[in-house]
Amino acid sequence: MALLNFKRKDAPVQTPNSPEVEAFLQDYSIEVMPRTAEKVENFRDLLPSGTRVYIAHIEGTPIEDMVATAKRLNDDGFAVMPHFPARIIKDRATLGDWIARYQGEADVKQALLLAGGVEKPHGDFDSSMQLMETGLFDAAGFQRLHVAGHPEGNRDIDPDGSMKNVSAALRWKNDFQSRTDAKMALATQFAFDAAPIISWADTLAQEGITLPVHIGVAGPAKLQTLIKFAIACGVGPSLKVLQKRAMDVTKLLLPYEPTDVLGALAAHKAAHPDFNITNVHFFPLGGIKTNATWAIENGGPAAQPANA
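Keep in mind that what you see is a predicted model, and the values were worked out from it rather than measured. (Residues numbered from 1 in each chain as written. Predicted model: local features only at pLDDT ≥ 70, side-chain atom pairs only at ≥ 80, totals over all residues. Heavy atoms only, no water.)

Some points on the overall build of the chain
Step number 1: The number of helices and strands found in the chain is 13 helices and eight strands.
Step number 2: Put simply, the chain has 308 residues, and 50% of those count as buried.
Step number 3: When the accessible surface of the chain is totalled, it reaches about 14,400 Å², and 50% of it is carbon and sulfur. (Helix = DSSP H or I, 4+ residues; strand = E, 2+ residues; numbered from the N terminus. Buried < 20%, exposed > 50% of the residue type's maximum accessible area, 1.4 Å probe, protein only. Areas by Shrake-Rupley, 256 points an atom, 1.4 Å probe, with all protein chains shown as cover.)

Here it is in structure tokens:
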């Protein structure tokens, strides 16, 4: 998530390992998939104990693989948060079965609810709001429900490029938190420029959206890899930051690191303690080990040795 030439008079960009960046990286979360988790020999060598680990549920992934990954991570002492993509869940019975499996086999108490990237729903559900309305997560005693946030909008939800439908959904979810016991937060898509992220977060606060924001950040990766994922995920205007970098021959072959964007956000948070971005959520597009190592080297909490 590079931020080029971005400066704020009231909050200058901080360098890595500054107190501001270190504070901002506390309690970060990270995302894995069953197939990428299989390549990690021991998560306890990479991530601090208790780290929240989201498990992305990609269309076609058997629920058995998802639950097995959740069990492994839970057994290793991590807070597991699997994705529940509404559009790949056939019906209420299937949703109930998934919840029961996660709880019975992996002691899961948290979930990220989202529509999912499937254009045509596989069954009865089209949105995360419909999943919430079933009441099944509440009945099962889930302690935390996160939902998706889109700092640069989402063309699948608002084809006209506006924020109309996205904003309406956020108001509904914010109201759901107000009228239930759910502990909720927004986990966002990644972006590469701090300025629009800050503007978006401030707009949420002005509109009375009180859900804490866990900002999505792309971890260190090859520039070509990031551009590919950014286009596939519908990243908006901040993609230009990567494209501009790609035009610089001196930087084209260098791995991208999220130093600038995190520095700018951390500085803004330090200058404005009530800023509603409370946590960092990493998308380890260049690999989990690479991302975890970068986080430690740049001020994040270190993993404890497995034999400590």
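More follows now that the structure is in view.
Focus: unusual backbone geometry
Step number 1: We note that Asp27 has phi near 60°; this positive angle belongs to a residue other than glycine.
Step number 2: The phi torsion at Asp107 lies on the positive side, around 55°, for a residue other than glycine.
Step number 3: Looking at the element boundaries, Asp107 is found in the loop between α4 (92-106) and β4 (110-114).

Side note on the sheet that holds strand β6 (residues 183-190)
Step number 1: Spatial strand order, β1-β2-β3-β4-β5-β6-β7-β8: eight strands in a closed barrel with parallel pairing. For this sheet, the mean inter-axis angle between neighbouring strands, taken without regard to orientation, is 30°.
Step number 2: Across the face of the sheet, helix α12 (residues 259-271) comes into contact with β7 (213-218) and β8 (277-283) while running at roughly 165° to β8. (Pairing = 2+ DSSP bridges. Axes fitted to C-alpha atoms, helices over the stretch in contact; angles between N-to-C directions. Contact = heavy atoms within 4.5 Å.)

Quick look at the environment of Trp200
Step number 1: Within the secondary structure layout, Trp200 lies in helix α8 (residues 194-206).
Step number 2: Among the residues examined, Trp200 registers a relative accessible area of 8% and is labelled buried.
Step number 3: Sequence separation between Trp200 and Pro151 is 49 residues; the distance between their C-alpha atoms is 5.8 Å.
Step number 4: Setting aside residues no more than four positions away along its own chain, Trp200 makes contact with Gly149, His150, Pro151, Met163, Leu186, Thr188 and Val213.

Thoughts on helix α7 (residues 164-179)
Every α-helix winds through 3.6 residues per turn, so residues three or four apart in the chain are directed the same way.
Step number 1: For α7, spanning 16 residues, the distance from its first C-alpha to its last is 23 Å, which sits close to the expected 22 Å at 1.5 Å a residue.
Step number 2: Within α7 the residues assigned to the buried category are Val166, Ser167, Ala169, Leu170, Lys173, Asn174, Phe176 and Gln177.
Step number 3: Where α7 is buried, its residues touch α5 (128-133), β5 (144-149), β6 and α8. (Expected span 1.5 Å × (residues − 1).)

Side note on the packing of α8 against α12
Step number 1: In the contact formed by α8 and α12, the axes pass within 9 Å of each other and the chain directions differ by 35°. The two elements α8 and α12 meet at a crossing, and its hand is right-handed. Across from Ala194, Ile197, Ile198 and Asp202 in α8, the residues of α12 making contact are Val261, Ala264, Leu265 and His268. (Left-handed = near helix turned anticlockwise from the far one by under 90°.)

Section: the pairing of β4
Step number 1: Within β4, five of the five residues are buried, which leaves the element mostly enclosed by the surrounding structure.
Step number 2: The side-chain alternation of β4 yields two buried faces, one formed by Gln110, Leu112 and Leu114 and the other by Ala111 and Leu113.
Step number 3: Where strand β3 (residues 79-85) lies against β4, three bridges are found, and the strand directions are parallel. By the bridge assignment, His83 is partnered in β4 with Leu112.
Step number 4: After leaving β3, the chain enters α4 and then returns to the sheet as β4, a path that is right-handed.
Step number 5: Strand direction decides the pairing type here: β4 and β5, joined by four bridges, are parallel. Its bridge partner lying in β5, Leu112 is registered against His146. (Right-handed = clockwise from strand over helix to strand, strands pointing away.)

Remarks on the side chain of Gln177
Step number 1: For Gln177, the location among the structural elements is in helix α7.
Step number 2: Here Gln177 falls in the buried class, since its relative accessible area comes to 18%.
Step number 3: Ignoring any residue separated from it by four or fewer positions in sequence, one finds Gln177 in contact with Ala182, Met184, Thr210 and Leu211.

Details of the nonpolar core
Across soluble globular proteins, you tend to see nonpolar side chains buried next to one another.
Step number 1: If you look at the biggest cluster of nonpolar residues, it comprises 78 residues, and the most contacted ones within it are Phe84, Phe137 and Phe282.
Step number 2: The element that contributes the greatest number of residues to this core is α8, accounting for six residues.
Step number 3: Sequence-distant contacts of Phe282, that is, excluding residues within four places in its chain, are made with Leu25, Tyr28, Ser29, Ile30, Glu31, Val217, Gly219, Leu262, Asn291, Trp294 and Ala295.
Step number 4: Listed in part, the five residues of the second largest apolar core include Tyr54, Leu112, Leu114 and Ala187. (Core = buried A, V, L, I, M, F, W, Y, C linked by side-chain atoms within 4.5 Å.)

Examining the packing of aromatic side chains
Step number 1: Applying the stated criterion across every chain, the model contains 11 aromatic pairs.
Step number 2: Ring plane angle 75° and centroid distance 5.6 Å describe the contact between Phe190 and Phe192, whose orientation is recorded as edge-to-face.
Step number 3: Its relative accessible area of 2% is what places Phe190 among the buried residues.
Step number 4: Here Phe192 falls in the buried class, since its relative accessible area comes to 0%.
Step number 5: The ring of Trp172 is capped by Arg179, whose NZ or CZ atom sits 5.4 Å from the centre of that ring. (Phe/Tyr/Trp six-rings, centres within 6.5 Å; stacked < 30°, edge-to-face > 60°. Lys NZ or Arg CZ within 6 Å of the ring centre and 35° of its normal.)

Looking at the packing of helix α3 (residues 63-75) against α4
Each packed pair of helices is defined by two parameters, the angle between the axes and the distance between the axes.
Step number 1: Between α3 and α4, the least distance of the axes is 9 Å, while the angle of their chain directions is 35°. The handedness of the crossing between α3 and α4 comes out as right-handed. Residue-level contacts link Ile63, Glu64, Met66, Val67, Ala70, Lys71 and Asn74 of α3 to Trp98, Arg101, Tyr102, Glu105 and Ala106 of α4.

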